[in-house]
Structures are given as structure tokens and as C-alpha cells.
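# Structural features, examined
Listed below, chain by chain, are the residues.
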Amino acid sequence: MTTDSESVARTPLRVGVLGCAQVAWGRTLPAFADSDTAHVVAVASRDKEKADRFARRFGCDAVEGYEALLKDPGVEAVYLPLPTGLHAEWTERALRAGKHVLAEKPIATTHREAARLAALADGLGLVLMENRMFVHHRQHTAVREFVADGAIGELRFLTSTMCIPPLSADDVRYRPDLGGGALLDVGFYPLHAALHFLSGRLDVLGATLRHDPRYGVDVGGGVLLRAEDAVTAHLAFGFEHGYRSHYELHGSEGRLTLERAFTPSAAWQPVVRIERGNRTEEITLPPSHQRREIIGVFAAAVRDGEPPAGHLATALRGVALSEAVRDAAGRGSGGHGA
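Presented here is a report on the structure given in the accompanying data block. Keep in mind the model is a prediction, meaning the values are calculated, not measured.

## A few points about the sheet that holds strand β7 (residues 155-163)
The mixed open sheet is built from eight strands, whose spatial order is β8-β9-β10-β7-β11-β12-β13-β14. Two strands lie at the open edges of the sheet, namely β8 (202-212) and β14 (279-284), each paired on one side alone. On average, adjacent strands in this sheet sit at an angle of 10 degrees to one another, irrespective of strand direction. Helix α7 (residues 138-148) rests against β11 (244-251), β12 (255-259), β13 (271-276) and β14 of the sheet, and its axis sits at about 175 degrees to β12. Taken strand by strand, helix α8 (residues 188-197) contacts β7, β8, β9 (217-227), β10 (232-238) and β11, and its axis lies near 155 degrees from that of β7.

## Examining the pattern of salt bridges
All told, the structure shown has 26 salt bridges when counted by the stated rule. Note that D203 is salt-bridged to R201, the shortest N-O span being 2.8 Å. Where R273 meets E282, a salt bridge forms, and the shortest distance between an N and an O atom there is 2.8 Å. In this structure R273 comes out as partly exposed when scored by relative accessible area, which is 31%. Judged by its relative accessible area of 52%, E282 is exposed. Each of E248, R255, R273, E275 and E282 takes part in a single network of salt bridges with overlapping partners.

## Regarding unusual backbone geometry
Omega for the peptide link from K105 to P106 comes to -15 degrees, which places this bond in the cis form. Its place among the elements puts P106 in the loop between β5 (100-103) and α6 (111-124). A positive phi is found at R260, a non-glycine position, where the angle reads about 50 degrees. Mapped onto the secondary structure, R260 falls in the loop between β12 and β13.

## Examining the nonpolar core
Membership of the largest hydrophobic core comes to 80 residues, with the highest contact counts inside it found for L29, L198, V204, L225 and L249. For this core, the element with the most residues is α8, which contributes seven residues. Setting aside chain neighbours within four positions, we find L225 in contact with L191, A194, L202, D203, V204, L205, V231, T232, A233, L235 and L321. Listed in part, the 32 residues of the second largest apolar core include A42, A88, L120 and A121.

## Some details on the pairing of β5
Residues H100 and L102 of β5 are buried on one face, and the alternating residues V101 and A103, pointing to the opposite face, are buried as well. Relative to β5, strand β4 (residues 77-80) runs parallel, the two sharing four bridges. Residue pairing for β5: A77 is matched across the bridge by H100. One crossover worth recording links β4 to the parallel β5 by way of helix α5 (residues 87-96), and it is right-handed. Where β5 and strand β6 (residues 128-130) come together, three bridges link them in parallel fashion. Within the sheet, the bridge partner assigned to A103 lies in β6 and is E130. With α6 bridging β5 and the parallel β6, this β-α-β connection has right-handed handedness.

## Structural notes on the sheet that holds β4
Strand order in the open sheet formed by six strands is β3-β2-β1-β4-β5-β6, with parallel pairing between adjacent strands. If you trace the sheet from one side to the other, it starts and ends with β3 (61-64) and β6, each paired once. Each strand axis lies, on average, 25 degrees off the axis of its neighbour in the sheet, ignoring direction.

## Here we look at the packing of aromatic side chains
Using the criterion set out here, one finds 13 aromatic pairs in the structure. Summarising the aromatic geometry, the rings of W25 and F54 are spaced 5.0 Å apart at their centres and angled 70 degrees between planes, so their arrangement reads as edge-to-face. With a gap of 29 residues between them, W25 in helix α2 (residues 22-33) and F54 in helix α3 (residues 48-58) connect regions that are remote in the sequence. Classification of W25 as buried rests on a relative accessible area of 17%. Ring centres of W25 and F58 lie 5.8 Å apart, and the angle between their planes is 85 degrees; this geometry places the pair in the edge-to-face category. In this pair, W25 sits in helix α2 while F58 sits in helix α3, placing the two residues 33 residues apart along the sequence. A single burial state applies to W25 and to F58, both of which are buried. One aromatic cluster is present, built from ring pairs that chain together F134, F188, Y189, F197, Y247 and F262.

Parameters and conventions
Residues numbered from 1 in each chain as written. Predicted model: local features only at pLDDT ≥ 70, side-chain atom pairs only at ≥ 80, totals over all residues. Heavy atoms only, no water. Pairing = 2+ DSSP bridges. Helix = DSSP H or I, 4+ residues; strand = E, 2+ residues; numbered from the N terminus. Axes fitted to C-alpha atoms, helices over the stretch in contact; angles between N-to-C directions. Contact = heavy atoms within 4.5 Å. Salt bridge = Lys/Arg side-chain N within 4 Å of Asp/Glu carboxyl O. Buried < 20%, exposed > 50% of the residue type's maximum accessible area, 1.4 Å probe, protein only. Core = buried A, V, L, I, M, F, W, Y, C linked by side-chain atoms within 4.5 Å. Right-handed = clockwise from strand over helix to strand, strands pointing away. Phe/Tyr/Trp six-rings, centres within 6.5 Å; stacked < 30°, edge-to-face > 60°.

As C-alpha cells, this is what we get:
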């Protein structure tokens, strides 16, 4: 016999969306529509026409104004796809309104803001997660298993790239007042690849950021990191390149390469390439829907009343590492890390 509590636990999470960003329209809301664990019940915008457009496509309510959505008792949680510079403000407002929050990455632009939000969520007993979806793709679990099984020997260094072609001139990622710039956007991925695969504290040995005076933001850069065990990472990112999304793990006996590492489509079949001596092996993995996966993790965390172990600690380390990269690039020398 099914109890009332069991029935509630299986009820899809009722989610409201703050903002009508393109990432929500093209990627995240379709993933919610494909999810059994959470449903979008309302979309808010300061522009009612935008909210209406989203509501028609995704079969939910249109709400004018973010505060109005936060006052809706039928909304249990909020997905926040606003520009990076607005994440901290509206995450705090949502938490204080009693809503669980899944915020686009990064959760804040500074470590101080991120730490304050984490403490607030903990104090209110609410789930706060960063939409760091790529780590929920099963390909990265497979890579970790290959490395743990000695496929490339002992890990020596990591290289990773996340680059995209130039954006349209009016893209919010070119606006410094909204937290724009390549470091906090595409730079997030290689930095978190290093956090994912390297152990312990990461120190910034050197960094460079290339600024575009037309926009006043960084449009590309490179970073050299060192872990506690002397494993290093060389990372590159930017808005001015041909598309590439990859990492390579170099070991004492071989090398492992993964292309389309961070933003694959749900239908993409990853290929792990392992080179060892004169032998090369390519292993095709099954597809994985990373956006739907993190939605499921978020919904389960809310229903179980228990945020994923270590999730916010990693989010805070990522923000701190971004700050250290910016500091090192400004000084032209190495810096502390996370």
C-alpha cells in the first residue's frame, strides 16, 4: 500500500523560471519537459510578451515580474538562468522567499557572495545547486574509472579547452555590468574539469586574460594550475575561436582524450580515445542526457531534504579559483587557488 509520504515523494517538483534567457528556451526548459521528476509550472519575465511566448511553448503560466513568481505558493523551486551578474541577488531573494534554487553557473561572481548564499541556504534548510551539469554526464564517470584502472598509468597533467565563435554584439556575456566575460562563462568548464580530476588544493601558477576594449570584458585566456601532488593543468578558453570542448589526461604510460566533453547533445555518443605505446583504442559510450540528469539530482535533493554531498563546496572552490585566475592575470604572476 502506498503511503501519503511516498506519494508526495514521487510528485514532480513544481519549478518556476526567473527570466527568459536563450539557454532556458533552447536547452534547459526542453530538458524539464523531458523530465519525470520536475515540471516547469511558471515562467517570469519583466516583459510579459516574453513570458507569454515561453508559456505557450512549455505549457505553463506566464508571470510578469520576478517578485510575483517568488510569491506564488504553487512554486516550490526556482530555476535561475539570468545573466551571471544577477545570480547572487536573485538567488538570495528566491531563498528568502522559501524557494529551493537551481542557479545557472556560476552561482556568484565572487567567493564572498557564493559563501554567503551557501550559508543562507543551509540556515533556511533549502537546497541550492549550481547548474554544473557536465559532471552529471556519465562519460566522466567512465573516464575516472579508466584512469583508476591504470589505463594511462599515473596521472601527470591535464589539458582542457572550451572555446566558441564570437557572440552577437548585443549578447549579455559582453556586458561587464552583468558579469560578462569569457572566464566566468566558457572558462568555467576547463576550471571545473581540473577540479573534477585533480586532487586537493589547486594553485594558479600563471594566467592571462585577453580583454576587448569594445566591450570591457575578457574574451579569452589561459591558465596554468598545480595540484598538491604536483599534477598540473593547462587550460584555455575564449569567445573568439572555432568551437572546441575537450580535455586530455596525460599519464606516465599513456594519454586519454575526450572531445565534446562539456556540452554534448543528449543524442551524442562519446568516444574515449586511449593511446598507450603503439596502441590506440577508441571506446564508444552510450548517450547521456546531462541536463535531465542534473534536474533529477536537484529534484531528489529537494524531496529527500538533503543536498548532494560536496556540491556547494565545489561551487565555492570554482568561484575562488576564478578569482585567483583574475588576480594572477592582473599581476602577471602566480596566485593562490582553491
